[in-house]
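Structural overview
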Amino acid sequence: MRFLFVLFVSALTFGQDSKNISLLDQWQNNNLEVNSTKVRYNECWGFVYNSQEYAILGSTEATHFFKLTDANKLIEVDSIKGKHVASTVIHRDFKTYKNYAYSVCDEGNSSLQIIDYSYLPDSVYLVNEIESNFKRAHNLFIDTVSGLLFVCGPMHSSMSIDTQYKLDVYSLTDPVNPSLIWSADPTSFPYVHDCYVRNNIGYLNCGDDGLRVYDFSNPSNPLFIQNLNIYQDQGYNHQGWLSPDGKTYIFGDETNGKRLKKCSVDANHNLQINSYFGTNSINNSVPHNIMITNELAFVSYYNEGLRIYDTRNTLPEEIAHYDTYSEENVFKMNGAWGVYSELPSQRILVSDRQNGLFLFDFDRTVFNAPSNGISSLFPNPVLKGENITIKLNVPNSTLNYSEIHNEIGQKLLTIDNSNFSYQVIEMNFSAGIYFVKINYSDYLGDENYEIHKFIIH
């Protein structure tokens, strides 16, 4: 009798605290320059070129490009050395447009590097390096619909080291030679730390000045929509992301103990905070970067690693996590820095400041399935040879094991569980009626069980 127990538990030696996430691969290079807190890495990003998935990772020295293989391996194919290379580099940022990657650095005397990746999978090439308005920059965002490049916190070459512009907007009509359209007035406009822009509507994360929304339909004269500058659990307004349907925006404050904010977005692009959520906030945890779908939020949560939340409930529920930084530390901004969750394969990229680039598997289909009651079993009935999924729906509970019994009560199979709230089992039993007994521990640690009846055709 053959069965398949699908948990994809990684055979890698990088064992960490996890739930409902499988580590597929991890890359790091201990020869890169490092500072006293062992920081070598920063942001990550993903893209697809010629149907092949790729990842980008920033380090103290370079912008690194990786191929994601069908065997779930991260293969570094090339890198572009930064204009400024030093152990003090803690932040690079990049975005992609057409066949180009745009990379900036927020330390030293740096530049905007425009990298042509049309030669992949063999190599990438630096095709332009602009220093004049990019002495430093904190973040980039590209509205791919309008072809606009937004540069957050740029420092022009004529400026002193302690002075920065707030926000620059460039046209990418010529992708290799961006053309400056507008610079925010440095005397009246707040500093923009990060932003999200889609169809010309920009959500600007302005640090201590909160969150602003602008319409960039005329990028040389953006129109003010909203200023969310006072709200509960306010800290340093850091970064946020808009759902594909445009109805939900989630942002985080990069401040000890501040929770994430889930906002509804109305037809006029105004935001209203509806709920606050997070992980280990009571112990001063700090969220960093966020990407969301219509149902899920993926958060690189510094010391707490990757955290995934189901956002369909009024109060989003954490459904998965992987701690990329297992050390305990009073400083709460080590660990997971960047996250990218929009690859077609639905594999997830996370960059960790100390531990490099991670590639994860997370089965989103399981959490889009029915979730009524304490546990669920689906599909039911099932055809012989197909898979059933057993899913525990109770928060803060652990699925210990499942047993399959035939119609007269004989136990046919016991399947232990590790770090997952679900199990996927191939049904190669004969047609008939069967029962699954699910053993789980609740939030108090007490063992309980449930029984589901199912049919194999």
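See the structure shown above.
Residues numbered from 1 in each chain as written. Predicted model: local features only at pLDDT ≥ 70, side-chain atom pairs only at ≥ 80, totals over all residues. Heavy atoms only, no water.

A closer look at the overall build of the protein chain
Let me state the cut-off plainly: In DSSP terms, a helix is any run of H or I states spanning at least four residues, a strand is any run of E spanning at least two, and both are numbered starting from the N terminus. Two things to know: the radius of gyration comes from C-alpha atoms, and the globule rule equals 2.2 Å times the number of residues to the power 0.38. Only protein chains enter the calculation, and the probe is 1.4 Å; a residue is then buried if its accessible area is under 20% of its type maximum, exposed if over 50%, and partly exposed in between. Every accessible area reported is derived by Shrake-Rupley at a probe size of 1.4 Å, with residue values counting cover from the shown protein chains alone. His residues and chain termini do not enter the charge count, which takes Lys and Arg as positive and Asp and Glu as negative. Here the site of a charge means NZ on Lys, CZ on Arg, CG on Asp, or CD on Glu.
Of the regular secondary structure elements, the protein chain holds one helix and 37 strands. The C-alpha atoms of the protein chain give a radius of gyration of 24 Å, which matches the 23 Å a tight globule of 457 residues would have. For the protein chain, the spread of C-alpha atoms along the three principal axes comes to 85 × 45 × 40 Å. Relative to its full complement of 457 residues, the protein chain shows a buried share of 59%. Counting only carbon and sulfur atoms, one obtains 46% of the accessible surface of the protein chain, whose full area is about 18600 Å². For the protein chain, the distance from the average position of its 32 positive side-chain charges to the average position of its 51 negative side-chain charges is 2 Å.

Notes on the pattern of salt bridges
Selection rule: By definition, a salt bridge exists where a carboxyl oxygen of Asp or Glu is found within 4 Å of a side-chain nitrogen of Lys or Arg.
Summed over all chains, the structure comprises 10 salt bridges. The partner of Lys83 in a salt bridge is Glu131, and the shortest N-O contact between them spans 3.9 Å. With Lys83 in the loop between strand E7 (74-81) and strand E8 (92-97) and Glu131 in the loop between strand E11 (125-130) and strand E12 (139-143), this pair connects stretches of sequence that are 48 residues apart. Under the relative-accessibility criterion, Lys83 is labelled partly exposed at 35%. Residue Glu131 is classed as partly exposed on the basis of its relative accessible area, which comes to 42%.

Remarks on the side chain of Gln52
Put simply, the test is: Here a residue-residue contact requires only that any non-hydrogen atoms of the pair lie within 4.5 Å.
Mapped onto the secondary structure, Gln52 falls in strand E5 (residues 52-59). Setting aside residues no more than four positions away along its own chain, Gln52 makes contact with Phe47, Lys67 and Leu68.

Notes on the sheet that holds strand E37 (residues 447-456)
The criterion, for reference: If DSSP finds at least two bridges between two strands, the strands pair. Every axis corresponds to a line fitted to the C-alpha atoms, with the helix fit spanning only the stretch in contact, and the corresponding angles, defined between N-to-C directions, vary from 0 to 180 degrees.
Judged by pairing direction, the sheet is antiparallel, and its four strands sit side by side in the order E34-E33-E36-E37 without closing on themselves. This sheet does not close on itself; its edge strands, each paired only once, are strand E34 (411-416) and E37. Averaged over neighbouring strand pairs, the angle between their axes works out to 20° when direction is ignored.

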